[in-house]
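As a plain string of letters, each chain reads:
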Amino acid sequence: GENVEQHPSTLSVQEGDSAVIKCTYSDSASNYFPWYKQELGKGPQLIIDIRSNVGEKKDQRIAVTLNKTAKHFSLHITETQPEDSAVYFCAATSRGAQKLVFGQGTRLTINP
Amino acid sequence: EPEVTQTPSHQVTQMGQEVILRCVPISNHLYFYWYRQILGQKVEFLVSFYNNEISEKSEIFDDQFSVERPDGSNFTLKIRSTKLEDSAMYFCASSSQGALDSGANVLTFGAGSRLTVL
């Protein structure tokens, strides 16, 4: 079955700098890759996703890139702000599937 | 914005006791899920539920676990005889469609129920 690995487990950046979180997946059939943000006391919330027919997607300060050949995808946050501090999870699933396979999570801390 | 609500937020129980975790999915969603996260580990899929029956379950979801939609709004996870290793955060989620890669389908999670088994 699918296995998703996520790095780093913790990341600390200065406010205004960029943050990059990387994930790899094992199943070449996976075609949908969402990213979730979990703030303290809340459930994971979808922030951006990408499907395997595109290589990059951007939404304001957040972007995700996908390399199908290498089976890895990354989350990029630019101009980081204190409210970006949270745990970020990557996930993968295949066509028609009803379950997500998650990475281990990255605790991102933005230092003022 | 519609949200998935879960109760209780934290439950402490003795090993061997039965536990029921409750969830109210988003009202127009048809697919319901339970995931869990043991402290320091990955979020893991447990079960998906549609049209009053289980559509998929993981190896974790053994005979000690059951799910039910007892009425039109609640979705429950029952652990029949809790073990120490059942201590985890349990997340309920819902979606409007079953295929998570389709169109605008979004898997929406609740805030979780933390279960501590002593």
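This text follows the structure it describes.
The rules we used
Residues numbered from 1 in each chain as written. Chains lettered and ligands numbered in written order. Predicted model: local features only at pLDDT ≥ 70, side-chain atom pairs only at ≥ 80, totals over all residues. Heavy atoms only, no water. Disulfide = S-S within 2.5 Å. Helix = DSSP H or I, 4+ residues; strand = E, 2+ residues; numbered from the N terminus. Buried < 20%, exposed > 50% of the residue type's maximum accessible area, 1.4 Å probe, protein only. 1 Å grid on protein atoms, 1.4 Å probe; cavity = no way out; pocket = protein on both sides within 12 Å on 5 of 7 lines; lining within 4 Å. Points joined across faces, edges and corners; volume = space filled by probe spheres on them. Nonpolar A, V, L, I, M, F, W, Y, C, P; charged D, E, K, R; others polar. Pairing = 2+ DSSP bridges. Axes fitted to C-alpha atoms, helices over the stretch in contact; angles between N-to-C directions.

Peer 1: Give me the state of the cysteines: which residues, what numbers.
Peer 2: One way to say it: the disulfide is the covalent bond shared by the sulfur atoms of two cysteines. All names here are of chain A. Tallied over the full model, the rule gives 2 disulfides over all chains. Each sulfur of the disulfide joining Cys23 and Cys90 lies 1.9 Å from the other. On the sign convention where negative means left-handed, the S-S torsion of about -100° between Cys23 and Cys90 marks this disulfide as left-handed. Residue Cys23 is located in strand S3 (residues 19-25), and its partner Cys90 is located in strand S9 (residues 86-94); the two are separated by 67 residues in the primary sequence. Neither Cys23 nor Cys90 differs from the other in exposure class; each is buried.

Peer 1: A description of the layout of surface pockets should follow, citing residues and the corresponding values.
Peer 2: Taken as a whole, the largest pocket holds about 600 Å³ of empty space. Taken together, 26 residues make up the lining of the largest pocket; nearest its centre are Gln38, Val87, Phe89 and Arg107 of chain A together with Gln37 of chain B. For the lining of the largest pocket, the elements supplying multiple residues, two or more each, are S9 and strand S11 (106-111) of chain A together with strand S9 (88-95) of chain B. If you tally residues by element for the lining of the largest pocket, the top one is S9 of chain A, at 3 residues. Among the residues making up the lining of the largest pocket, the classes are represented as 9 nonpolar, 13 polar and 4 charged. In this structure, the second largest pocket occupies an estimated 460 Å³ of space.

Peer 1: Describe the sheet that holds strand S8 (residues 72-77) of chain A, naming the residues involved and giving the relevant values.
Peer 2: Residue and element names in this part refer to chain A. Ordered in space as S1-S3-S8-S7-S6, the 5 strands form an open sheet in which the pairing is antiparallel. Lying at the two open borders of the sheet, with one neighbouring strand each, are strand S1 (4-7) and strand S6 (56-59). Ignoring strand direction, the axes of neighbouring strands in this sheet form an average angle of 15°. Note that S3 and S8 share 6 bridges and pair antiparallel. In the sheet register, Lys22 faces S8, and the bridge partner there is Ser74.

Peer 1: Can you tell me about the sheet that holds strand S1 (residues 5-7) of chain B, naming the residues and giving the values?
Peer 2: Residues and elements named next belong to chain B. Taken in spatial order, the 4 strands line up as S1-S3-S8-S7 in an open sheet, and their pairing is antiparallel. Edge positions in the sheet fall to S1 and strand S7 (65-68), since each of these pairs with one other strand and no more. This sheet shows a mean twist of 20° between the axes of neighbouring strands, independent of strand direction. Where strand S3 (residues 19-24) lies against strand S8 (residues 75-79), 5 bridges are found, and the strand directions are antiparallel. Counterpart to Leu21 in the pairing with S8 is Leu77.

Peer 1: Pulling in residues and values, what's your account of unusual backbone geometry?
Peer 2: With an omega dihedral of -5°, the bond running from His7 of chain A to Pro8 of chain A counts as a cis peptide bond. Looking at where Pro8 of chain A falls in the secondary structure, it is placed in the loop between S1 and strand S2 (10-14). Residue Pro8 of chain B is reached from Thr7 of chain B by a cis peptide bond, and omega for that bond is -10°. Looking at the secondary structure, you find Pro8 of chain B in the loop between S1 and strand S2 (10-13). Even without being glycine, Gln60 of chain A reaches a positive phi, approximately 60°. Among the structural elements, Gln60 of chain A can be located in the loop between S6 and strand S7 (62-67). A relative accessible area of 72% means that Gln60 of chain A is categorised as exposed. One non-glycine residue, Asn51 of chain B, lies in the positive phi region at around 55°.

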